Amino acid sequence: MFLLLKKSKGLIANIIELNKFDISLFSGPLADKAKSIIPQIFKSVKKAKLDYKKEIKIPPGDTKFTPKEFWEEIIEKAKSLGIDLIGFAPVDENLMFQNDYVGGIDLLYENGIVLGMEMNYDAINTAPEPPAGLESLNIYAKLGIATNLLADFIRSKGYRVIACHPLGGPILYPAMAVNAKLGHIGKQGLLITKKFGPRQRLSMLTINAGPLPEVQEEKFEISEYCEKCRKCIHFCPVKAIFENPLVNENGTITRIDSDKCFEYFYETTGCSVCIEACPFHKLGYEALYYRRL
Ligand code: SF4
Ligand code: SF4
C-alpha cells in the first residue's frame, strides 16, 4: 500500500523548539514586524501539518505520468509566488530524518521539488543583530506560505503532494538541493547557490508524479575557494563549524556542532553570521570568479 512512500533510514534531526526564540530582542518597528511574522510561521506550519494528515489517510496510488508542460507550469507558478529557486530530484531515504520535530512528517512521496527563497541582503549584513534574525523568520513565514500555495496549486491539477515547511522539515534540504542541481554545500553546511551564495532558505514538496524534468546544471564550483577561505569557520561566534567535517555511517556529512550552534541561534533569534561572512553572499559568485582571473 505504501510502496510509493519513502521512509527514513535513521538520520537524526536537530530538535527545533519554537518557544526558545526570544522575540523580546526585537524593539520598535522590528517588534511590530515580528508580531506579524511569527503567527504566519505558526499558521503555515499548521496548514502543512493538516494537509499532510489528509494526504496519508488515502493510499498514494500509482505514480502519475507528468508531461513536460506541467513541470513548466509548476515552475511558472512557483515564480509567481515569489519562489526564487526550484529544482527536482528523487527523494533519497538516507536524507530523511527519523523525526520532523516541527511538521510531524514521516512519509514522503517518491519525487522531490526543492524550493528556495532569497533573504534580504542588507538585513543579513547586520548578523548577528536582530534584523538578520528577523529576516530569517520572515523568509520561514513567506516561503512556508508559498510552499503551501504551490502544493494547493498542484493538488488542484489532480496530483498528490506533501508540503514540507522551511522550518524544521522531514529531510535534509541542502543535500536534496545539491541532488536537484541547485548548488553545492559550503563549509558551514549551507547550500551555496550561484545566484545568492548561502543567502536563501529552503523547503520542499514531494509528489507522486514523474518522470522529473531534466534541468541543466549550471557550471559552478566552490570547493577550491572554500578550502582557502574558511571565513565561516573563523567568524562563527561559538566555533560551531568543524574544521574537519564528520562522515557518518550512512555517508551523510556533519559540518556543524548543532548543540553549540542552536544555543547561539536561539539567543540571537537567527544568528546568520556564517551567511554574512561568506564571500559568496557578500560579493557573489561572478565577482569572486573574475577576481581570481
Ligand atoms: S548560525 Fe551562527 S552559531 Fe550557527 S554555525 Fe552559523 S555562525 Fe555559527
Ligand atoms: S565562508 Fe568561505 S569557506 Fe565558508 S562557505 Fe563561504 S566560501 Fe566556503
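Our structure is the block above this text.
What counts, and where the lines are drawn
Residues numbered from 1 in each chain as written. Chains lettered and ligands numbered in written order. Predicted model: local features only at pLDDT ≥ 70, side-chain atom pairs only at ≥ 80, totals over all residues. Helix = DSSP H or I, 4+ residues; strand = E, 2+ residues; numbered from the N terminus. Rg over C-alpha atoms; globule rule 2.2 N^0.38 Å. Buried ≥ 20, exposed ≤ 12 C-beta atoms within 10 Å, placed from the backbone. Contact = placed C-beta atoms within 7 Å. Near = placed C-beta within 6 Å. Nonpolar A, V, L, I, M, F, W, Y, C, P; charged D, E, K, R; others polar. Pairing = 2+ DSSP bridges. Axes fitted to C-alpha atoms, helices over the stretch in contact; angles between N-to-C directions. Left-handed = near helix turned anticlockwise from the far one by under 90°. Core = buried A, V, L, I, M, F, W, Y, C linked by C-beta atoms within 7 Å.

Pulling in residues and values, what's your account of the overall build of the protein?
Looking only at helices and strands, the protein features 11 helices and 12 strands. A globule of 293 residues ought to have a C-alpha radius of gyration of about 19 Å, and the protein, at 19 Å, matches this closely. The dimensions of the protein, computed from C-alpha atoms along their principal axes, are 50 × 45 × 40 Å. Across the 293 residues in the protein, those meeting the buried criterion constitute 44%. Looking at the protein alone, contacts between residues at least 24 apart form 80% of all its contacts between residues at least 6 apart.

How would you explain the site of ligand 1 if you had to name every residue and give the values?
Inspection of the region around ligand 1 gives 13 residues, with Cys236, Cys261, Cys271, Val273 and Cys274 positioned closest. Elements with a minimum of two residues in the shell around ligand 1: α8 (258–268) and α9 (273–276). In terms of residue count, the dominant contributor to the shell around ligand 1 is α8 (3 residues). Residues of the shell around ligand 1, tallied by class, amount to 12 nonpolar, 1 polar and no charged.

Can you explain the pairing of strand β3 (residues 85–90)? Please cite residues and give values.
Of all 6 residues that make up β3, 5 are buried, and the element is covered over most of its length. Pairing geometry for β3 and strand β5 (residues 111–118), over 6 bridges, is antiparallel. Within β5, the position partnered with leucine 85 by the bridge is glycine 116.

Would you mind going over the site of ligand 2 in detail, with residue names and values included?
Taken together, 14 residues form the shell around ligand 2, and within it Gly186, Cys226, Cys229, Cys232 and Cys278 come nearest. Residue assignment for the shell around ligand 2 shows that the elements contributing at least two residues are α6 (223–229), α7 (231–235) and α10 (279–282). Among the elements that make up the shell around ligand 2, the one with the highest residue count is α6 (3 residues).

Tell me about the sheet that holds β3, residues and numbers included.
Across the sheet, which stays open at both edges, the 4 strands sit in the order β3-β5-β9-β6 with antiparallel pairing between neighbours. Both edges of this open sheet fall to β3 and β6 (161–164), since each of them pairs with a single strand only. Here the average twist between neighbouring strands, direction ignored, is 20°. In terms of strand pairing, β6 meets strand β9 (residues 200–207) through 4 bridges, oriented antiparallel. Residue pairing for β9: alanine 163 is matched across the bridge by leucine 205. Strands β5, β6 and β9 of the sheet are contacted by helix α4 (residues 130–156), whose axis makes an angle of about 20° with β9.

Explain the packing of helix α1 (residues 29–57) against α4 residue by residue, including any values.
Following both chains from N to C, one finds α1 and α4 inclined at 35°, their axes separated by 9 Å at the closest point. Crossing angle aside, the handedness with which α1 passes α4 is left-handed. The residues of α4 that touch α1, namely those facing Leu30, Lys33, Ala34, Ile37, Ile38, Gln40, Ile41, Ser44, Val45, Lys47, Ala48 and Asp51, are Pro130, Pro131, Leu134, Leu137, Asn138, Tyr140, Ala141, Gly144, Ile145, Asn148 and Ala151.

How would you explain the nonpolar core if you had to name every residue and give the values?
Val114, Leu115, Ile171, Met176 and Leu205 are the most contacted members of the largest nonpolar core, which totals 79 residues. The dominant element in this core, judged by the number of residues it contributes, is α4, at 11 residues. Among residues more than four places away in sequence, those in contact with methionine 176 are Ala89, Asp92, Leu95, Gly112, Val114, Ile171 and Met204.

Let's hear about the pairing of strand β11 (residues 241–247): which residues, and what values?
By the bridge criterion, 3 bridges tie β11 to strand β12 (residues 253–256) in an arrangement that is antiparallel. Bridge assignment links isoleucine 241 to a residue of β12, and that residue is isoleucine 256. Two successive antiparallel strands, β11 and β12, enclose a turn made up of 5 residues, where glycine 251 displays a positive phi of approximately 90°.

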